[in-house]
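Observations on the model geometry
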Amino acid sequence: MADERAQGLTRRSWLAAAAALPAAAGAAPAVAGVGGSVPALPATDQFPDLQGVYLDAGSIHPFSVGARESVRLYLESRAMNGGPDGYDFGPLRQSVLERFAALINATPAEVAYVQSTSAGEQLAVSALGIPEVGGRIVTDALHFFGSFHLYAELERAGMEVVILPMRENRILMSDMEAAVNDRTRLVALSAVSTINGFQHDLKAVCDLAHAHGAHVYVDAVHAIGAVPFDVRATGVDLVASSSYKWLMGDMGLGFLYARADLIPRLRRPQAGYQQLAAFSSHAYPYDPPGPRLFETRARDDAAGLFAMGTFTNTGLAHLDWSLDYIQSLGVQTIQAWRQPVIERARAELPRLGFEPLTPEDSTSPLIAFAYRDARQTFADRLRRAGVRVTLGAHRLRVSASIFNTSADVDRLVEALA
């Protein structure tokens, strides 16, 4: 079992934590948290407009009332009409970066803004000098499916790519140990699998990889904001995430973390003006003379490696509210509230012939089931019932958030039956 500082509650311990919360069957008063009361769960006040049953926050999280208001104020400021002018985006960019860094126990200097999780993975791989360094990459069948195109391209460029299979609905540590050797340059995996919610023991994987001189990249888009995630406790080298899932933001804004002692050894993948620490011009009227027309110096932090050009300010406005909201609840409180919903799905769907795909020790926000021709069989039925889940060709995935209760699973079961 992974270090609890990084992975949060086990299935045994969530029972004790959930006992302190109101029953996940209906509206509840505010629950006690560090420093006093925190917002009420289920969070129907922040998500009052949901139609039907939404058990698909792992695909895209709904916008909250608070985040929408934050964005509205930003849009008013951009109208340049003399209205609200409270958005000074220099300080806000730094503030949001600091709050995200605190959420994963990093320093702001270890985090840069990127476009998305996939963009972060591309930058991380390139910063390690791959494919030029040669050697082996180890990934697994429960990593983000969109990443396999990247690793296929790297294999064509000369890297040896090993994809570990799913066994017993998980990636076995014994398979990882057999695959990682002294030729391994990178282990790439997802902290929480988008396929079935499986959670790696990140500390064990990092210890193994580092013993062979390899680095570990983690896709944490289904972890950060949903389960406790600690870069110090796990020892991960590079982490990417996005805003639009469990950070309750929007698409187009993500983060890339690089461990501080690793940053000086990484290669700058691309050059962009957001990387600059200093810029001097000697080309225009009244400029001081200099040896070159322009002189530049990059920052010595993660932004100095990975930042590029402009990025979405509406995304910042979302996170300006959402990060505070997540902090006010506490990630472990979010996890403890959600777990009974997941457990209800775990108990009920097999009775309808759905085959469990998620390990029983998972405490992630995702639970998945196999069912032949699932999309063909159930898509119209669920649409008519107003129930939203993730449907693949042969897979159904439930992802629960702070506005869900076990009654939502009962509605899902009714629609499926």
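Now for a look at the structure at hand. Predicted model, so just to flag it, every value in this text is computed and none were measured.

What to know about the overall build of the protein
Broken down by element type, the protein carries 14 helices and 17 strands. Across the protein, every contact between residues at least 6 apart in sequence was considered, and the portion connecting residues at least 24 apart equals 69%. Approximately 17900 Å² of the protein is accessible, and the part contributed by carbon and sulfur atoms is 52%.

Remarks on the packing of helix α5 (residues 117–127) against helix α6 (residues 148–156)
Contact geometry of α5 with α6 gives a least axis separation of 11 Å together with a crossing angle of 25°. By the angle between their directions, the pair α5 and α6 is classed as roughly parallel. Our pair here, α5 against α6, has a crossing hand that is right-handed. When α5 is examined against α6, the residues Glu121, Gln122 and Val125 are found in contact with a partner set consisting of Leu150, Tyr151 and Leu154. A per-class count over the contact of α5 with α6 returns 4 nonpolar, 1 polar and 1 charged.

Quick notes on the side chain of arginine 397
Looking at the secondary structure, you find arginine 397 in strand β17 (residues 395–399). Of the side chains bearing the opposite charge, aspartate 56 lies closest to the buried arginine 397, which forms no salt bridge; the N-O distance is 4.1 Å. Only 2.8 Å separates the side chain of arginine 397 from the backbone oxygen of threonine 194, close enough to count as a polar contact. The contacts of arginine 397, once residues within four sequence positions are left out, are Leu55, Asp56, Gly58, Ser59, Thr194, Ile195, His222, Leu366, Ile367, Ala368, Val389 and Thr390.

Focus: helix α3 (residues 65–78)
Relative to the 20 Å expected for 14 residues at 1.5 Å per residue, α3 spans 20 Å between its end C-alpha atoms, a close match to the ideal helical length. Within α3 the residues assigned to the buried category are Gly66, Ala67, Ser70, Val71, Tyr74 and Ser77. Down the axis of α3, the buried side of the element spans an arc of 135°, and every buried residue falls inside it. The inward-facing, buried residues of α3 contact α4 (89–103) and α11 (313–329). Of the residues one or two after α3, methionine 80 is the one with positive phi, at around 55°.

Thoughts on the sheet that holds strand β7 (residues 184–190)
Ordered by their spatial adjacency, 7 strands build an open sheet running β4-β10-β9-β8-β7-β5-β6, and the pairing between neighbours is mixed. Strands at the two margins of the open sheet, each flanked by one partner only, are β4 (111–114) and β6 (160–164). Within this sheet the neighbouring strands show an average axis-to-axis angle of 20°, counted without direction. Across 5 bridges, strand β5 (residues 136–140) lies against β6 in parallel orientation. Bridging from a neighbouring strand, isoleucine 137 pairs with valine 161 of β6. Along the sheet, α4 contacts β4 and β10 (254–258); its crossing angle with β4, the most-contacted strand, is approximately 115°.

With respect to the pattern of salt bridges
For the coordinates displayed, the defined rule picks out 21 salt bridges. Arginine 72 is the partner of glutamate 69 in a salt bridge, and the nearest nitrogen-oxygen pair spans 2.8 Å. Highlighted residues: glutamate 69 and arginine 72, both in helix α3, separated by 3 residues, approximately one helical turn. Its relative accessible area of 40% is what places arginine 72 among the partly exposed residues. Arginine 346 serves as the salt-bridge partner of glutamate 343, at 3.2 Å between the closest nitrogen and oxygen. One end of the pair, glutamate 343, and the other, arginine 346, are both in helix α12 (residues 331–348), 3 residues apart, so they sit about a helical turn from each other. Assessed through its relative accessible area of 13%, glutamate 343 is described here as buried. Connected through salt bridges with shared partners, the residues Asp237, Arg259, Asp261 and Arg265 form a single ionic network.

Conventions and cut-offs
Residues numbered from 1 in each chain as written. Predicted model: local features only at pLDDT ≥ 70, side-chain atom pairs only at ≥ 80, totals over all residues. Heavy atoms only, no water. Helix = DSSP H or I, 4+ residues; strand = E, 2+ residues; numbered from the N terminus. Contact = heavy atoms within 4.5 Å. Areas by Shrake-Rupley, 256 points an atom, 1.4 Å probe, with all protein chains shown as cover. Axes fitted to C-alpha atoms, helices over the stretch in contact; angles between N-to-C directions. Parallel < 35°, antiparallel > 145°, perpendicular 65-115°, else oblique. Left-handed = near helix turned anticlockwise from the far one by under 90°. Nonpolar A, V, L, I, M, F, W, Y, C, P; charged D, E, K, R; others polar. Buried < 20%, exposed > 50% of the residue type's maximum accessible area, 1.4 Å probe, protein only. Lys, Arg positive; Asp, Glu negative; His and termini not counted. Salt bridge = Lys/Arg side-chain N within 4 Å of Asp/Glu carboxyl O. Polar contact = N/O pair within 3.5 Å; in protein donor to acceptor, adjacent residues only side chain to side chain. Expected span 1.5 Å × (residues − 1). Arc of directions from axis to C-beta. Pairing = 2+ DSSP bridges.

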